[in-house]
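# Observations on the model geometry
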Amino acid sequence: MLVKLLPRSAVVSAAKRDVHSCLVAANAKENSVLKLSTVEFVSKLLDRRWALRIPDAQIHQVMVCGSGRFKQQGSEVLEFRNNSGPSLGDSMAARNLRQPVFYVVRDDLLHPLVNGNKARKLDALLPLLEDNSVTDVVTCGGCQSAHAAAVAVSCAERGLKTHLLLRGEQPEILTGYTLISTLHGNINYVERSLYARRDEILSRHANMIAGSNGSVQWLSDLLEPASVYHVPPKQIVSQLDGSSNTMNKKVIIINEGAGDAVALLGVIRLVQYLSQGHLFGKVQAVKIIVDAGTGTTAVGLGLGALCLGLPWEVHAVMLADSVEGYRKKEQSLISEFRKMCESPEIDLRLNGAKYEVVHWVERNRPRKFGNVLKGEVEECQRIAQQTGILVDPIYTLAAWELAAQLSQEQGASAGVAMLHTGGTLGIFGLAQRYKPHFQNLKAH
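A few points on the structure. Owing to the predicted nature of the structure, the values given are computational and were not obtained by experimental measurement.

Further remarks concern the nonpolar core. In this structure, Phe280 and Phe337 are the most contacted members of the largest nonpolar core, which totals 80 residues. Two domains share this core, each providing at least three of its residues, namely domain 1 (40-67 + 79-114 + 261-440) and domain 2 (117-226 + 247-258). Once residues lying within four places of it in the same chain are set aside, the contact partners of Phe337 are Leu45, Ala261, Leu264, Leu265, Ile268, Leu303, Cys307 and Ile346. Among the nonpolar cores identified, the runner-up in size contains 23 residues, and Phe80, Cys380, Leu402 and Leu406 belong to it.

Quick look at the structure:
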């Protein structure tokens, strides 16, 4: 029998190919095992009591087309058409190629007063307060804070008292979220110069509420691994001095905007819901667009996609800080999340992502937070009249504009989905503050 001898170089090349194939297979197997373990971890993490009975959200499809008319800065005025019952699932990508479209996750419809990302951030937080027998909640926000109103309404529904410190002066006529907060909670207005020291003011006010027999904790102090997995955490032991009170009160301080790690859980729950096969699925690449106030919702979306191994990107439009500020907040929340969960699998995934889970994006027309530019109220009106979806010029209009822009990119294979973060009651306060912008509204 003749044996054909291969050149040494050919043998070496073949050996290298075999080694490379083995490494690729091993890495694929390792990634598969890691994905499975993190998915199992997320399932365990989300096996808890929630404020929202179900995580479901309506999903609308918005078709984008040119109008042939142009704005002063040269960009074309876009027209929108809303499909409130689109077909989703595996064939979503093929249908998206026919015409620019983006999807809107209608979290603004979750609750008449507590909607959008505010409901998601309170989803795991509220049961945690109940499990710890909290009696009073202290938090803060701007005069038209959707967060403060959401906390006030949600706590009132559960028999808890809320104490809200709002920045600025009391309006002559209460409207929007200020009115909702006043009807459901106890309001104190804080001078703008003093509000910069809000941590100190929150702590002092909480001590006064607790009295001599009560106790005070920051929400972050409750976030131990035991509480994450729904095992009753240790009892509050710190007794604080204050005014006399015959009732033992347990007072919890919640950061502005509920920017704590426990708020991430409700957002991750939403990601898990959206990743079902009949919705966005686990295979289709999706760009999730969200407006960023504190940035907590964006980080929750990014962590959810990372932990579940989804090919999704989170793009957050920065509204209230610089990219350095948002990166710092992202790192802080991820650090809190890691301590809260104590999961080696999550640490491995975060190491691979270099602890960055969000693409922070500048608004197309940057401005100081809270400012409304000429033409933006009219744009919100036009979108509402064409689609029935109400956005506001401070927050959700920014996400809408980015979603429309990304949907038109040539050769874009990823789906685009905007998370509607709610906050639409705030437009009543804007009408009070920016009267000229609203007085000029007319039919289109």
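Let us keep going from here.
Here we come to the sheet that holds strand β4 (residues 136-141). Read across the sheet, five strands follow the order β6-β5-β4-β8-β7 without closing on themselves; strand pairing throughout is parallel. Edge positions in the sheet fall to β6 (186-190) and β7 (215-218), since each of these pairs with one other strand and no more. Across this sheet, the average inter-strand angle for adjacent strands is 20°, counted without regard to direction. In the sheet, β4 pairs with strand β8 (residues 250-253) via three bridges, with the strands oriented parallel. Counted as the bridge partner of Asp136 is Val251 from β8. Taken strand by strand, helix α5 (residues 146-157) contacts β4 and β5 (161-167), and its axis lies near 170° from that of β5. Taken strand by strand, helix α6 (residues 176-184) contacts β5 and β6, and its axis lies near 130° from that of β6.

All told, the structure shown has six aromatic pairs when counted by the stated rule. Where Phe80 meets Trp400, the ring centres are 5.3 Å apart and the plane angle is 80°; that geometry is what we call edge-to-face. Residue Phe80 is located in strand β2 (residues 76-83), and its partner Trp400 is located in helix α15 (residues 396-407); the two are separated by 320 residues in the primary sequence. In this pair, the class of Phe80 matches that of Trp400, namely buried. Measuring from ring centre to ring centre gives 6.1 Å for Phe280 and Trp312, while their planes differ by 70°; the resulting arrangement is edge-to-face. Taken together, the residues span a long stretch of sequence, with Phe280 in the loop between α10 (262-274) and β9 (286-292) and Trp312 in strand β10 (residues 312-318) at a distance of 32 residues. Of the two residues, Phe280 and Trp312, both sit in the buried class. Aromatic rings pair up to connect Phe80, Phe102 and Trp400 into one cluster.

Calculation notes
- Within any chain, residue numbers begin from 1 and follow the written order of that chain's sequence.
- For a predicted model such as this one, the threshold for reporting local features is a pLDDT of at least 70, and the threshold for listing and counting side-chain atom pairs is 80 or more; totals across whole chains, interfaces and linings nevertheless cover every residue.
- Hydrogens are left out, water is left out, and the side-chain values use all remaining heavy atoms of the structure.
- Among buried residues, the Ala, Val, Leu, Ile, Met, Phe, Trp, Tyr and Cys ones that are joined through side-chain atoms within 4.5 Å form a nonpolar core.
- To sort residues, take the accessible area from a 1.4 Å probe on protein chains only and compare it with the maximum for the residue type: under 20% means buried, over 50% means exposed, and anything in between is partly exposed.
- For every domain, the bounds stem from an assignment made automatically or drawn from a database.
- It only takes one pair of heavy atoms within 4.5 Å for two residues to be counted as in contact.
- Any two strands are treated as partners once DSSP identifies two or more bridges connecting them.
- Under the DSSP-based scheme used, a helix requires at least four consecutive residues in state H or I and a strand at least two consecutive residues in state E, with every element numbered from the N terminus.
- Fitting a line to C-alpha atoms yields each axis, with helices limited to the stretch in contact; the angle taken between N-to-C directions then spans 0 to 180 degrees.
- Two rings belonging to Phe, Tyr or Trp (six-membered ring only in the last case) form a pair when the distance between their centres is within 6.5 Å. Interplanar angles under 30 degrees mark stacking, angles over 60 mark edge-to-face geometry, and anything in between is tilted.

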